[in-house]
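Residue-level listing of the chains:
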Amino acid sequence: MALRKYQEAGLEPIFTRAKPAETDEEIKRHHRIELTVEGVPLGYAELYYFNKSIPSFLVHFVFIKKTVRGYGFGGAMMEEINDYITARGKMGILCNVIDSASAAHGIYAAHGWHESSRSPHWMTINEPKNVIPEDVEKAIAYAMKWMEKIEKKTDEKEVRKAA
């Protein structure tokens, strides 16, 4: 793995977990995992916690700096995300919007995420064994609605900033 080259050079990736202190209830759910090497930010992931239908973390955004893609940092980030979700005993939900022609498309499946049979482009990890598929679908539907709502709020803030 290319990440080993960094590690052999003594450059260990460091993951820090941040929970912003916000008052807005939607933002309080926000969890952030940041990746740095030697103090240089190389990527981050944003997760949001929901307790609707099935307690879950929505992996809203995963980013690895373009100049270090292909070196294993994306895989390391996915392992950190999985550990974070699993340590809390929750299900993970992810909207896989990466083009299937992209080299990064298979990274989620390679790290244990499974495509939802009922919701195209959505993937899960740690689905509880004792739930019916409809409950998983409800959790995904809630995440979809939430994403639309938060993106609309973000767009409105951008419009106000530009005005």
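Structure's up top.
What you are looking at is a predicted structure, and each value in this text was computed from that prediction instead of being measured.

*Asks:* Tell me about the overall build of the protein chain, and name the residues and values.
*Replies:* In terms of helices and strands, the protein chain carries 5 helices and 7 strands. When the helices and strands of the protein chain are placed in sequence order, the string is α-β-α-β-β-β-α-β-α-β-β-α. The buried share of the protein chain, taken over its 163 residues, is 36%. If you take every contact in the protein chain between residues at least 6 apart in sequence, the share linking residues at least 24 apart comes to 52%. Put simply, the protein chain shows about 9,800 Å² of open surface, and 53% of that area lies on carbon and sulfur atoms.

*Asks:* So what's going on with the packing of aromatic side chains? Which residues, and what values?
*Replies:* Counted according to the given criterion, the structure contains 7 aromatic pairs. For the pair Phe50 and Tyr142, a centre-to-centre distance of 5.2 Å together with 80° between the ring planes defines the contact as edge-to-face. With Phe50 in strand 3 (residues 40–50) and Tyr142 in helix 5 (residues 133–162), the pair connects residues that are 92 residues apart, well separated along the chain. Here the aromatic residues Tyr48, Phe50, Tyr142 and Trp146 are joined through ring pairs into a cluster of three or more. Sitting over the ring of Tyr44, Arg32 keeps its end group 4.0 Å from the ring centre. Just above the ring of Tyr84 sits the side chain of Arg88; from NZ or CZ to the centre is 3.7 Å.

*Asks:* I'd love a proper account of the pattern of salt bridges, names of residues and values included.
*Replies:* Going through the model one piece at a time under the given rule, you end up with 3 salt bridges. Here Arg32 ties to Glu46 by a salt bridge, and the two come within 3.1 Å at their closest N and O atoms. With a gap of 14 residues between them, Arg32 in strand 2 (residues 30–37) and Glu46 in strand 3 connect regions that are remote in the sequence. We classify Arg32 as partly exposed; its relative accessible area is 22%.

*Asks:* Kindly report on the pairing of strand 7 (residues 122–125), identifying the contributing residues and their values.
*Replies:* Residues Trp122 and Thr124 point to one face of strand 7 and Met123 and Ile125 to the other, with burial holding for every one of them. Summarising the sheet, strand 5 (residues 91–95) and strand 7 pair through 4 bridges and their orientation is antiparallel. By the bridge assignment for strand 7, Ile93 is matched with Thr124. With 2 bridges joining them, strand 6 (residues 114–115) and strand 7 adopt antiparallel strand pairing. In the sheet register, His114 faces strand 7, and the bridge partner there is Thr124. Taken together, strand 6 and the strand that follows it, strand 7, pair antiparallel across an intervening segment of 6 residues, in which His121 is found at a positive phi of about 75°.

*Asks:* Which residues make up the pairing of strand 5, and what values do they have?
*Replies:* Most of strand 5 sits inside the fold, with 4 of its 5 residues counted as buried. By the bridge criterion, 4 bridges tie strand 4 (residues 56–64) to strand 5 in an arrangement that is parallel. When the sheet's bridge partners are listed, Val59 is paired in strand 5 with Leu94. For the crossover that starts at strand 4, traverses helix 3 (residues 73–87) and ends in the parallel strand 5, the hand is right-handed.

Reading guide: rules and limits
- Residues numbered from 1 in each chain as written.
- Predicted model: local features only at pLDDT ≥ 70, side-chain atom pairs only at ≥ 80, totals over all residues.
- Heavy atoms only, no water.
- Helix = DSSP H or I, 4+ residues; strand = E, 2+ residues; numbered from the N terminus.
- Buried < 20%, exposed > 50% of the residue type's maximum accessible area, 1.4 Å probe, protein only.
- Contact = heavy atoms within 4.5 Å.
- Areas by Shrake-Rupley, 256 points an atom, 1.4 Å probe, with all protein chains shown as cover.
- Phe/Tyr/Trp six-rings, centres within 6.5 Å; stacked < 30°, edge-to-face > 60°.
- Lys NZ or Arg CZ within 6 Å of the ring centre and 35° of its normal.
- Salt bridge = Lys/Arg side-chain N within 4 Å of Asp/Glu carboxyl O.
- Pairing = 2+ DSSP bridges.
- Right-handed = clockwise from strand over helix to strand, strands pointing away.

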